[in-house]
Amino acid sequence: MTTLDHHATTRPIPNPKKSLITKLNMGTGMVVGIIFALATYYLINPHVDQSVAQEYNRQLLATMFMWSLGFMIGIGAFIGPFRWLIGKDLTDEENLYLAGDGQGIKRYFKYCTDHKVVGIQYLVGVMTMLGVGGTLAMMIRTNLIMPGSKFVSPIIYNSLVGLHGITMIIAMIIVATGPFGNYIMPIMIGAADMAFPRLNALSWWVLFTAIPVLCSAWFLGGIPTGWTAYAPLSVQAGPGMNAFIATIIIFAISTAVAGANITATVVAMRAKGMSWNRVPIFVVGATVSVALAIPAFPTFMVSMIMTGLDRTFATTFFDANFGGSGWLYAHLFWIMGHPEVYVILIPGVAALMEIAPVFVRKPLFSYNAAIMGFAGIAGLSVLVWAHHMYMSGWMPMLNGPFMVTTEMISVPTGLIFLVLLGTLWRGRPWMKLPMLGVYAFLWNMLVGGITGLYLSDVPADNYLHGSMYVTAHFHYTLMGAALTGALAGLAFWFPKMTGRMLNERAGYISFWFVQIGFQILFLGMFIAGAEGQPRRVSDYAKTFATSNMVSTIGAYMIGIGMIVLLWAVVHSWRFGKIAPMNPWGSKTLEWTVPYPVPLVNFDTPPVVTSDFYGYGKAEK
Amino acid sequence: MAPTPGEKLTNFFKRRDVIIASALGVAITALTVIIGGWWYTKWMPTALSTDMKSIERLMVIFTWISAPVCGTVVAITLYTFFNRHKGDTPPEDGPAIRTRGPIVILWSVVSSMLCLVAVVYGLIELNSAEGKAQADAPHAMIVEVTGNQWVWNFHYPAQDVTTDKLMLPINQPVEFRIISADVNHSFWPVQLGVKADANRYQVTLADTTPNKLGTIDVKCAELCGLYHAYMETTGAVTTRADFNNWVTAQGGHTA
Amino acid sequence: MSGTNTTMTAGKRTASAIVGVLLGVAVVGAVGFTLHSASADPQKKLYATKDSATISVDGKSYPKAAVTLGVYPDRQTAIDHGSTANNKKDWVQYGPSTHIVLPAHTYVTMTIHVYDSGEKLNNPYFGRVVGTVGGTMNVDGQDVTSIPADQVQHTFTLHGLPTTSQDPLYVNVPLLRVSTNEKGDFLPTTDAGTKLQGHTVTFSFITGGKGEYVWNCEYPCGDGTYQGFGAVMGSYGYMSGKVSVA
């Protein structure tokens, strides 16, 4: 018996009549999507003059959205609502089929409602995006290895910066809540599936349709604006910008759907006895993160719709020549942008808080402080956006208040440190791969947090704003802290998600390469920033040559480390040691189910009688 | 018999782990304070104005404020890392410490205090900079800065000079009026410690008083398209006489 | 998945890891190679013609060199811009190449034949002649120091990174517009006396030591885009390019 065909022998293949849903998959989605896209493109073509930027933008945007819509129709996303509309709701058999029951590996390519399948889809998707974004980062660093921009032209360099940024931001937003929030989280709270399984499938496949759209930017002249896509530069940019706009709008839909779904699941579907103060901390973190994303992303979507209108129908939201304002864009963007960094950070931290007690064999120190930390960060994060605009000229008299709210975030962030340090203290940590992540996080977040203090200060920001120092700072928090947390989560939950242990030796090699390379890379970048190198420049003066060379060496180390990790994941997934049910001796519910996890997760719904951190012996 | 709170505290500081971790913490804090004293100023370019000087001082003081945090975190991390459990089986359970009320309170209060120091210090600096700007405004020399894709230029209305180089006389308060001819730029005369965005149809003000002779690098700190990296020029802080000569050479008048 | 308890021997696993890492490095390398090739400027470099004569400026003697460019609103032969997507024949551009190579420490005389109409500069500053010998340029035989902002068609604005490793070089020359667009070709020397109604602008500047500089046009000629700086202005190699002083 093969591992993934577990159910094939236990249940008959439903739907002998071969109804439509059995025939639809990613392939049909792509066919219909491409037909929609081509039809749109060529139907519009006679009516536009492609040399007129606005008309060409209309044609491209319509084509991109129709691809997405066509794909969703082709994969069968709308069959359920349609059948419900005409009064012939899906039968139990059909719903079981949609859950991928008994379909082996094929279900990963279908509109599958099983949260575990969606989790794996997200995992593969995220790893692909990280791979692409990382490759782009290598290109950026190669160009900056010495002054002169000898590797790529300025126009390709600007595109690299933009695409690296947005690819990584999208990947990082879903890196923990996508794979683990979907696969692990429902099992962790003792649920049979997500609250809205079809929406779950929708959120993944909608996101999937954004990937080719984003890639098309390369062939349309690139994204010259960086990931922030500041207007009016984005209004002025070439056709590649349309890909950015369409990607963000599609992505915002996906996040809204996923966010509502995860929040509803946690609120409504926790096991009997799992009161709020017994919810595992990762679940809390994931929920805070997606709940924060629900108000944040719509403003990004709105800003992109406005940019799109400026580019297609000559509205002047951001054009100061006609009464618009670039500050309007900056506000909309950062009202999303600053909560967004915590949307990225919190699930990574929460995963580490889940990991630490297991490997230290001590309860999580002050669960309540962790909750207060998350709540404080989430609450303050919506009040700090204008610290990105200290130098913009918009209302300098509000710089003081925004500086105060920004620096206040250091207090709830301090609680996060307290929780992790308190858990480590007086313990003897079992230094497995996930646990190493906790240590890397503590160091990287310390550097990221302290450097954030200088940036939050208005006078110091006079010097540091827009310099390489900023780039180094947010890489410490987003990559050094959040990505480290997510990768530790991968090492931790890999046995449950794949049934196999992640190759340890390769994991250690990768860890040290990545972490040491990371310190070298961003140490160099902090220095370049302090020396006065602006960010996002393809070329720089000779003064910065040494620090940039150092940075590039660090980047190559990270590159090697990440390739080793990728190999370890692929190899272990196929050939790794078979994992026991609970390899780390954890107490949370996901470790009480076997691999492969049954379709409805639990044979009998679990009943929770205590929280999950009952490690440790009573004190003397 | 239960120990008194005083005895508890004494016993606490007699524990081996507490002694080692505290020693580590003090050592790392001290190290951070020492390194923080020169680290940033070593890399930052020569300050040509008091604004840049105060930024340098601020970088040092903020490093010192963060030093105890750095010391605590690194000490506990290092201590537990060296105390780690090796092997393929999980270690024995540690003490079941769920929380420690006093520690949580202490931590919150101390971190709030450090935060407060940073906030207050920042606000004072901000306030004094604004006060200085207002005091200087009546006798400031005006320089109109225009950001174009991908060139800066400077107009001195009183002298009636327009150039591509930023020339400033020493000890003369200067008010920059910054505007863009197209997309957003960010005007950054590096050695002056000034930065302000250039927006279309919105004048942004920035001010400083150069107080040292030297060269200024003017950069653009906001991605502005194709040649963003090359949107740089130079300038200098010169003596009043040299400045006047330069103005005359440019065909302006030195009223 | 077929493997149930499949595990590999340690040797095989190591080999697999090494192959995997090499493969990964190769993929990243291939992407880099592709981008590097795509970045290569398909235009031929335009070398200045050196002259045996020397000229004395401010008491110093310099060797002479000359280079000739043209600006056409709708040229008849395309400069090769590599990919077809970015090879727009109907975009205004400088030619025969936008990558110009000049000798170091030389008195360079640049001639630009202009055949485009124009409207107005975003910034009147660029109507002034800056950085040339004597601060002037010669338009159809007349020496001028500036052109009104609404008479300008394009500019040749040469600048670079201020860095200790090369001498500064800054030149701005506005080009006088013509009343209607003229179609043409990048063969300036044969234009004289033909039907094309353009202007000829000549100016000289002195190069410093070796260095890499960029130049771009400051006239907003990206029609229909924000402040006229999109499309042709945002694309490398039409109204922007490099100057190498070698």
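See the structure printed just above.
I will try to describe carefully the structure that is included in this document. Within any chain, residue numbers begin from 1 and follow the written order of that chain's sequence. Each chain takes a letter, starting from A, and each ligand takes a number, starting from 1, following the order in which they are written. Selection of residues for local features in this predicted model requires a pLDDT of at least 70, selection of side-chain atom pairs for listing and counting requires 80 or more, and totals for whole chains, interfaces and linings are taken over all residues. Calculated side-chain values reflect all of the structure's heavy atoms, with hydrogen atoms and water omitted.

### Re the overall build of chain B
- Helix and strand definitions here come from DSSP, where helices need a minimum of 4 consecutive H or I residues and strands a minimum of 2 consecutive E residues; each element is numbered from the N-terminal end. Of regular secondary structure, chain B possesses five helices and ten strands.
- Here the C-alpha atoms of chain B give a radius of gyration of 27 Å, more than 25% beyond the 18 Å that 2.2 N^0.38 yields for 255 residues.
- In terms of principal-axis extent, the alpha carbons of chain B reach across some 90 × 40 × 30 Å.
- Buried means the residue's accessible area, taken with a 1.4 Å probe over protein chains only, is under 20% of the maximum for its type, while exposed means over 50%, and partly exposed covers the values in between. Every one of the 255 residues in chain B was classed for burial, and the buried ones make up 53%.
- Long-range contacts, defined as pairs at least 24 residues apart, comprise 69% of the intrachain contacts of chain B with a sequence gap of at least 6. Our radius of gyration looks at C-alpha atoms and nothing else; its globule reference is 2.2 Å times the residue count to the power 0.38. Here, residues are in contact when the closest pair of their heavy atoms is within 4.5 Å.

### As for the side chain of His331 of chain A
- Relative to the helices and strands, His331 of chain A resides in helix α12 (residues 326-360).
- Beyond its immediate chain neighbours, meaning those up to four positions away, His331 of chain A contacts Trp385, Met389 and Trp394 of chain A.

### A few points about the sheet that holds strand β9 (residues 214-220) of chain B
Residues and elements named next belong to chain B.
- Here the rule is simple: two strands pair whenever DSSP picks up at least two bridges between them. Reading across the sheet, the five strands line up as β4-β10-β9-β6-β7 and stay open at both edges, with mixed pairing between neighbours. Edge positions in the sheet fall to β4 (166-169) and β7 (196-198), since each has one partner strand and no second. On average, each strand axis in the sheet is tilted by 25° relative to the strand beside it, whichever way the strands run.
- Bridge count between strand β6 (residues 185-189) and β7: three bridges; the pairing is antiparallel. Paired with His185 across the bridge in β7 is Ala198.
- A fitted line through C-alpha atoms serves as each axis, taken over the contacting stretch for helices, and the angle formed by two N-to-C directions is quoted from 0 to 180°. Packing against the sheet, helix α5 (residues 240-249) makes contact with β4 and β10 (233-238), and its axis sits at approximately 135° to β4.

### Concerning the sheet that holds strand β2 (residues 151-156) of chain B
All names here are of chain B.
- Judged by pairing direction, the sheet is mixed, and its five strands sit side by side in the order β3-β2-β1-β5-β8 without closing on themselves. The open sheet terminates on both sides in strands that have one partner only, identified here as β3 (161-163) and β8 (204-208). Averaged over all neighbouring strand pairs, the angle between strand axes comes to 20°, with direction disregarded.
- Pairing analysis gives five bridges linking strand β1 (residues 141-148) to β2, with the strands arranged antiparallel. Bridge assignment links Glu144 to a residue of β2, and that residue is His155.

### Details of the side chain of Ser538 of chain A
- Structurally, Ser538 of chain A is set in the loop between α19 (504-531) and α20 (545-575).
- Judged by its relative accessible area of 3%, Ser538 of chain A falls in the buried class.
- Excluding its chain neighbours within four sequence positions, the residues that come into contact with Ser538 of chain A are Asn143, Leu144, Ser149, Pro154 and Tyr157 of chain A together with Ala229 and Tyr230 of chain B.

### Things to note about the interface of chain B and chain A
- Taken together, the contact between chain B and chain A spans 84 residues of the former and 89 residues of the latter.
- Across the interface of chain B and chain A, roughly 7,600 Å² is buried in total on both sides, 66% from carbon and sulfur atoms.
- Defined here as a combined quantity, buried area equals the accessible surface (1.4 Å probe) lost by two parts on assembly, summed across both. If you sort the residues of chain B by the area they bury against chain A, Arg98, Lys195 and Leu223 of chain B come out on top, with a joint share of 9%.
- Just to be clear on terms, a salt bridge is a Lys or Arg side-chain nitrogen sitting within 4 Å of an Asp or Glu carboxyl oxygen. Joining chain B to chain A, the criterion identifies four salt bridges.
- Here Lys432 of chain A makes a salt bridge to Asp88 of chain B, at a shortest N to O gap of 3.1 Å.
- Counted as a polar contact is a pair of N or O atoms within 3.5 Å, where, for protein atoms, one must be capable of donating a hydrogen and the other of accepting one, and residues adjacent in sequence contribute only when both atoms are in side chains. At the junction of chain B and chain A, the tally comes to 32 residue pairs in polar contact (both at pLDDT 80 or more).

### As for the pattern of salt bridges
- One pass over the full model with this rule turns up 14 salt bridges over all chains.
- The salt bridge partner of Asp114 of chain A is Lys116 of chain A, with a shortest N-O separation of 3.2 Å.
- Overall, Asp114 of chain A belongs to the buried group, its relative accessible area being 1%.
- Taking relative accessible area as the criterion, Lys116 of chain A reaches 5% and is therefore assigned buried.
- The salt bridge partner of Lys617 of chain A is Glu92 of chain B, with a shortest N-O separation of 3.3 Å. Taken together, the residues Lys617 of chain A in the segment after α20 and Glu92 of chain B in the loop between α3 (50-82) and α4 (101-136) connect one chain to another.
- The class of Lys617 of chain A is partly exposed, set by a relative accessible area of 45%.

### Some details on the pairing of strand β10 (residues 152-159) of chain C
Residues and elements named next belong to chain C.
- β10 sits mainly inside the fold: eight of its eight residues count as buried.
- Relative to strand β11 (residues 171-176), β10 runs antiparallel, the two being bridged by six bridges. Bridged to His154 within β11 is Leu175.

### Some remarks on α5 of chain B
Residues and elements named next belong to chain B.
- The complete set of buried residues in α5 reads Phe243, Trp246 and Val247. Seen end-on, α5 carries its buried residues on one side only, within an arc spanning 100°. In this structure, α5 carries Asn245 and Ala249 as exposed residues pointing more than 90 degrees from its buried face.
- Of the surrounding elements, those touching the buried residues of α5 are β1, β2, β3, β4 and β10. Read the arc as the range of directions from the helix axis to the C-beta atoms.

Honestly, it's all geometry; don't read function into it.
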